[in-house]
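If you want the building blocks of each chain, they are given just below.
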Amino acid sequence: MTEILDFNKMGINTQTAKRKIKFYQGTKARRIFHYTSIGGLKGILESATLRFTNINYLNDKDEIKAGMDSLAKTIAATDEEKEKIFSSIRNRGMQTFVCCFSLDEDSLPMWNYYTKEINNQGYNIEFNDKSLVESIILENPELAGCELSFGVVEYCKDNDSKYSKSFSDGLTSSFSLAMMKLLFAFAKDYLKDEPEKIKKWESEIAQLENDKNENDISVYSYNGQLGKFQKDTSGNYLCFVKRDCFLPEKELRIVINVPEWKLAELKQFNLYKYRISNGLLVPYLELKFSYSAIQGLTVSPTIQSDLAEQSIHDFLQYCNFSIKNPRDFIKKSKIPVRF
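Residues numbered from 1 in each chain as written. Predicted model: local features only at pLDDT ≥ 70, side-chain atom pairs only at ≥ 80, totals over all residues. Heavy atoms only, no water.

Trainee: Is there a simple way to explain the pairing of strand β10 (residues 251-259) in this structure?
Mentor: Moving residue by residue along a regular strand, the side chains alternate between the two faces of the sheet. Here β10 lies mainly inside the structure; nine of its nine residues are buried. Because side chains alternate across β10, one face comprises the buried residues Glu251, Arg253, Val255, Asn257 and Pro259, and the other comprises Leu252, Ile254, Ile256 and Val258, equally buried. Note that strand β3 (residues 94-102) and β10 share nine bridges and pair antiparallel. When the sheet's bridge partners are listed, Met94 is paired in β10 with Pro259. Judged from the six bridges that link them, strand β5 (residues 147-152) and β10 form a sheet pairing that is antiparallel. Paired with Glu147 across the bridge in β10 is Asn257. (Buried < 20%, exposed > 50% of the residue type's maximum accessible area, 1.4 Å probe, protein only. Helix = DSSP H or I, 4+ residues; strand = E, 2+ residues; numbered from the N terminus. Pairing = 2+ DSSP bridges.)

Trainee: Is there a simple way to think about the packing of aromatic side chains in this case?
Mentor: Summed over all chains, the structure comprises 16 aromatic pairs. The interplanar angle of 90° and the centroid separation of 5.2 Å between the aromatic rings of Phe150 and Phe229 together place this pair among those described as edge-to-face. Here Phe150 is found in strand β5, whereas its partner Phe229 is found in strand β8 (residues 228-231), with 79 residues between them in sequence. In terms of burial, Phe150 and Phe229 fall into one category: buried. Ring centres of Phe289 and Tyr291 lie 6.5 Å apart, and the angle between their planes is 85°; this geometry places the pair in the edge-to-face category. (Phe/Tyr/Trp six-rings, centres within 6.5 Å; stacked < 30°, edge-to-face > 60°.)

Trainee: Before we go on, may I ask you to explain the pattern of salt bridges in this structure?
Mentor: Think of it this way: side chains of opposite charge can pair up when their charged atoms draw near. This model, assessed by the stated rule, comprises 18 salt bridges. A salt bridge links Asp69 to Lys65, with the shortest nitrogen-to-oxygen separation between them at 3.1 Å. Here Asp69 and its partner Lys65 are both found in helix α3 (residues 65-74), four residues apart, which amounts to about one turn of the helix. Assessed through its relative accessible area of 35%, Lys65 is described here as partly exposed. (Salt bridge = Lys/Arg side-chain N within 4 Å of Asp/Glu carboxyl O.)

Trainee: Whenever I open this one, the packing of helix α2 (residues 38-47) against helix α10 (residues 307-318) confuses me. Can you help?
Mentor: Relative orientation and spacing of two packed helices are given, respectively, by the angle between their axes and the distance between those axes. Viewed as axis vectors pointing N to C, α2 and α10 meet at an angle of 30°, and their least axial separation amounts to 9 Å. Considering the angle they form, α2 stands roughly parallel to α10. Read as a crossing pair, α2 and α10 show a hand that is right-handed. Where α2 approaches α10, its residues Leu41, Lys42, Leu45 and Glu46 are matched on the opposing element by Ile312, Phe315, Leu316 and Tyr318. When its residues are assigned to classes, the contact of α2 with α10 shows six nonpolar, no polar and two charged. (Axes fitted to C-alpha atoms, helices over the stretch in contact; angles between N-to-C directions. Parallel < 35°, antiparallel > 145°, perpendicular 65-115°, else oblique. Left-handed = near helix turned anticlockwise from the far one by under 90°. Contact = heavy atoms within 4.5 Å. Nonpolar A, V, L, I, M, F, W, Y, C, P; charged D, E, K, R; others polar.)

Next comes the structure, spelled out in structure tokens:
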């Protein structure tokens, strides 16, 4: 049963994480792709780390605002009410960091936008999404108490978001379910001689539980107390709503919320850092992952040299990354590009 998530329980728990992490029932592992420059590839492979950028510094200046606008439309909030909700989110003592991937393994827009070094030359790294998020939790015990979610981004037009509708419906059904269970607990003794009424009541409760679980939000949050991922009904889905102009990205993202008091601790562990980008000092987390989460590499269509594949193979050996079949692991883009 999916429950409204308690943020005090959601945080990564180093004890439960030592056991095998459970994913939401029925979800299958997906192939996800991280597009990057040759410099980015070198850093990721050499250190087995990924950068999670503060959400306020991503390329979409409307991050979170798109989700807020969709929620406001769904619940018919006034501008004043929307600002109060937005303010409460901004001031809840958390900073949000994001690492982005695509579900598209060979996308020309992604090659053009995310491989911005010489002539848009770059690579994408294929991951198994479940293996990756599990390894991030296990390889970074310093994140204890932080919140981790992952899922598919929804691209909404005119602020019409199925995520927001599911979230709103989920709050209503959760309240109705809680009230019905409470009333049933009081009434059960009085109905002991009326088994048909008891059966009908139990059926209605089961239907409410099923309706609440079958929401349209493809975002999963880690419950550290239980050691498993649950469908997001906490409102964290706001980080997974974007304007429809970004639709070609077909994005899946991993989101980590860090309590502000914990940033100093992560700095001491050399996980919280700053880098220079486009004239700005950009905060980010540098988090470890397991090589076993990597499934393959694709060379961008602008790289024509066969030596590129050999250089990647040699560098993987240098990083002590063993691959059984380089021909299957290292691939070339199938997009024809004219110079």
